[in-house]
Structure formats: C-alpha cells, structure tokens
Amino acid sequence: MMLYNRIGLFRAERGISRKALAEAVGVNPQTIGYLERGDYKPSLELAMKIAAEFDVAIEHLFSFRPFEPVAAVLRRAGETA
Amino acid sequence: MTTKPLVQRLDDIANRTGVPGLVLHPPRRRPLRGLAVVSFALGTAGMAMACIKPGWLWIGEMVLMACFLLSIWLPLKGPIKPWMSVNERVDERDAEIRDKAYLTLLPIILIVALLGLCGIPAIAWLQQRSAPETVALGGFGAIYLLTLWNTIPTLHASWQDEPADEEDDED
C-alpha cells in the first residue's frame, strides 16, 4: 500500500536541509531522500520522530491518500477569505 | 639518522598498505553490481569447470579463487553495511536492506550446499576421481559457498534499491 508524505514540503517551509533533519532524527541523509520519494516506508518510531521534529501531528506528514496540492489549498483559502 | 624500533617499522609498513585508513573513515559505499555479477558468474563457471572434467580441476580452482578474492571487496565497499559497525551509522533502512539481502542468501546457500553434499560424491564416483581430488573438490565447494556469501547479498541490495543521488542530499 502506498504511503504519501509531505516531508519535503515541511522541510522547505522551515528551511531545514535533509542532512539537518537526518541528524535530528538519527538516520542517514539518504534515508530522508528515500522517504520523501516514497521509496521507503518508515517505522512508526521514525515517523513519530520526524513529526515531533516538525512539531506537527503524524497525520499531517503521512497519509494513505494523496495530499491535496498546495496550490489548491491556497486557492481555496483565497476564495474563502 | 634515527633508528626506528622494529614495531614502529612494522606499523609504517601496515600504514602504507592503506588498510588502517579504511577504519578511520566510513567507507564510500557503492552498488558494485558489476563486480558482484562478474564474481558470481566466473565463480560459478570455475566451480562448474572443476566438476565437469578431472583435467580442468586446477583451472577451475584458479578461476574460483580469483573470483573469491574479488568478492572480498563486496562486503567492504558494497551497499550492505555490516553488523556492529564502529564508524558508520546503520539506520533502520540500512538494517532492512541487510536483513532482506541475507534472508535471500540463506536459502540459496542451503540449496547449493545440499547439492554439493550430494553432487560431489556422485561426480567423484561417476568420473572415477581419486580420493585427494574428491577432497579438493569439496574444498572448492566451500570456497564457492563463501563466494556466494559475498556476492548474493550485494546483488540483492544493489538491485533492490536504486542509489540516491548524493547531490540530492545537499538540500
């Protein structure tokens, strides 16, 4: 089953490099790369560590359904504002 | 001119081989798919040569030994990180790759070992080989198993995962 994630988005938003995130959660930078591409499914422990690092709930980072594109979310927010 | 003690001279010789340098820094790991394929293919060919004809025993052995020596580099520089590594971080993904690779290897080694245990005596009987030749053939079988031990996990790991571009890790 496919597991979608928004790690790249959160990293870009907070200006964290893969290396910094990898050091913070105790893995190699290549593992963060594989995670972002969806080529590797993290363990629960690693997923929770990444969520804790970004200070978000784990559901905001990982999902079994594709996340809505940022452009669509922004457009909807602009329409409702 | 200072005279170095013998122990220090021996240390200098060891350092010149480059081997102590290997443990100071983490090795730069590569898929080494090509080397693993060559080692596996030629090792299998060498073992087959040793078994097919009595006259080819020592030629097969030379090929097999050369492949075994090549395969020694695979665990050192290949994609699989060792257990209890002192200078490399082995995270959960590395451990998963390693575990899957060795789980693939073990049934293969088991089947090849069983085939060897049954096949080598059968070959010796059919080809009327002498006792020393049969013992030598058994020894070559053990070397072939060691070659498989080095090559198959590397092949599995290198095909299981495409390596990530290191440039991607800079952002």
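This one's a predicted model, so the numbers in the text were calculated from it and none came from an experiment.

Let's talk about the overall build of chain A
Thinking step 1. Across its full length, chain A carries five helices and two strands.
Thinking step 2. Secondary structure elements in chain A, listed N-terminal to C-terminal, are β-α-α-α-α-β-α.
Thinking step 3. Across its three principal axes, chain A shows a C-alpha extent of roughly 40 × 30 × 20 Å.
Thinking step 4. The proportion of buried residues among the 81 residues of chain A is 36%.
Thinking step 5. When contacts within chain A are restricted to residue pairs at least 6 apart in sequence, those whose partners lie at least 24 apart make up 56%.
Thinking step 6. Counting only carbon and sulfur atoms, one obtains 57% of the accessible surface of chain A, whose full area is about 4900 Å².
Thinking step 7. In chain A, 11 positive and 10 negative side-chain charges are present, and the distance between their average locations comes to 5 Å.

A few points about the overall build of chain B
Thinking step 1. Helices and strands together make up the secondary structure of chain B, namely seven helices and zero strands.
Thinking step 2. Ordered by position from the N terminus, the helices and strands of chain B form the series α-α-α-α-α-α-α.
Thinking step 3. The globule rule puts the C-alpha radius of gyration for 171 residues at 16 Å, and the 20 Å found for chain B is more than 25% above it.
Thinking step 4. Projected onto its principal axes, the C-alpha positions of chain B cover 60 × 55 × 25 Å.
Thinking step 5. When the 171 residues of chain B are sorted by exposure, 32% land in the buried category.
Thinking step 6. Partitioning the contacts of chain B with sequence separation of at least 6, the portion at a separation of at least 24 is 79%.
Thinking step 7. When the accessible area of chain B is evaluated, it comes to approximately 10600 Å², of which 71% is carbon and sulfur surface.
Thinking step 8. Looking at chain B, you have 15 positive and 19 negative side-chain charges, and the mean spots of the two groups are 9 Å apart.

Side note on the pattern of salt bridges
Residues and elements named next belong to chain A.
Thinking step 1. With the rule as written, the count across this model stands at eleven salt bridges over all chains.
Thinking step 2. The partner of R11 in a salt bridge is E36, and the shortest N-O contact between them spans 2.5 Å. Here R11, found in helix 1 (residues 7–14), pairs with E36, found in helix 3 (residues 29–37); they are 25 residues apart in sequence, far enough to count as distant. An identical accessibility class is assigned to R11 and E36; each is buried.
Thinking step 3. The partner of R37 in a salt bridge is D39, with the nearest N and O atoms 3.7 Å apart.
Thinking step 4. Using a relative accessible area of 36% as the deciding quantity, one classes R37 as partly exposed.
Thinking step 5. Three or more residues joined by partner-sharing salt bridges are found here, namely R11, R18 and E36.

Remarks on the nonpolar core
Thinking step 1. M47, L64, L137 and F140 of chain B are the most contacted members of the largest nonpolar core, which has 21 residues in total.
Thinking step 2. Residue assignment for this core shows that the elements contributing at least two residues are helix 3 (33–52), helix 4 (57–71), helix 6 (92–126) and helix 7 (131–160) of chain B.
Thinking step 3. Looking at this core element by element, the count peaks at eight residues for helix 7 of chain B.
Thinking step 4. Within the second largest apolar cluster, 19 residues are counted, among which are A22, L46, A47 and F62 of chain A.

Comments concerning a nonpolar patch on the surface
Residues and elements named next belong to chain B.
Thinking step 1. On the surface, a cluster of nonpolar side chains totalling about 760 Å² of accessible area is made up of V19, L22, V23, L24, L69, I72, W73 and L76.
Thinking step 2. If you list the elements that add at least two residues to the nonpolar patch, you get helix 2 (19–24) and helix 5 (73–77).
Thinking step 3. With four residues, helix 2 is the largest single contributor of residues to the nonpolar patch.
Thinking step 4. Relative to the elements of secondary structure, L69 occurs in helix 4.

Focus: unusual backbone geometry
All names here are of chain B.
Thinking step 1. The backbone of L32 shows a phi angle near 50°, a positive value even though the residue is not glycine.
Thinking step 2. For L32, the location among the structural elements is in the loop between helix 2 and helix 3.
Thinking step 3. A positive phi is found at Q128, a non-glycine position, where the angle reads about 55°.
Thinking step 4. Residue position: Q128 is located in the loop between helix 6 and helix 7.
Thinking step 5. Relative accessible area serves as the criterion here: at 65%, Q128 is assigned to the exposed category.

How each quantity is defined
- Residues numbered from 1 in each chain as written.
- Chains lettered and ligands numbered in written order.
- Predicted model: local features only at pLDDT ≥ 70, side-chain atom pairs only at ≥ 80, totals over all residues.
- Heavy atoms only, no water.
- Helix = DSSP H or I, 4+ residues; strand = E, 2+ residues; numbered from the N terminus.
- Buried < 20%, exposed > 50% of the residue type's maximum accessible area, 1.4 Å probe, protein only.
- Contact = heavy atoms within 4.5 Å.
- Areas by Shrake-Rupley, 256 points an atom, 1.4 Å probe, with all protein chains shown as cover.
- Lys, Arg positive; Asp, Glu negative; His and termini not counted.
- Charge placed at Lys NZ, Arg CZ, Asp CG, Glu CD.
- Rg over C-alpha atoms; globule rule 2.2 N^0.38 Å.
- Salt bridge = Lys/Arg side-chain N within 4 Å of Asp/Glu carboxyl O.
- Core = buried A, V, L, I, M, F, W, Y, C linked by side-chain atoms within 4.5 Å.
- Patch = residues over 30% accessible without salt bridge, like charges linked within 9 Å, V, L, I, M, F, W, Y side chains within 5 Å.

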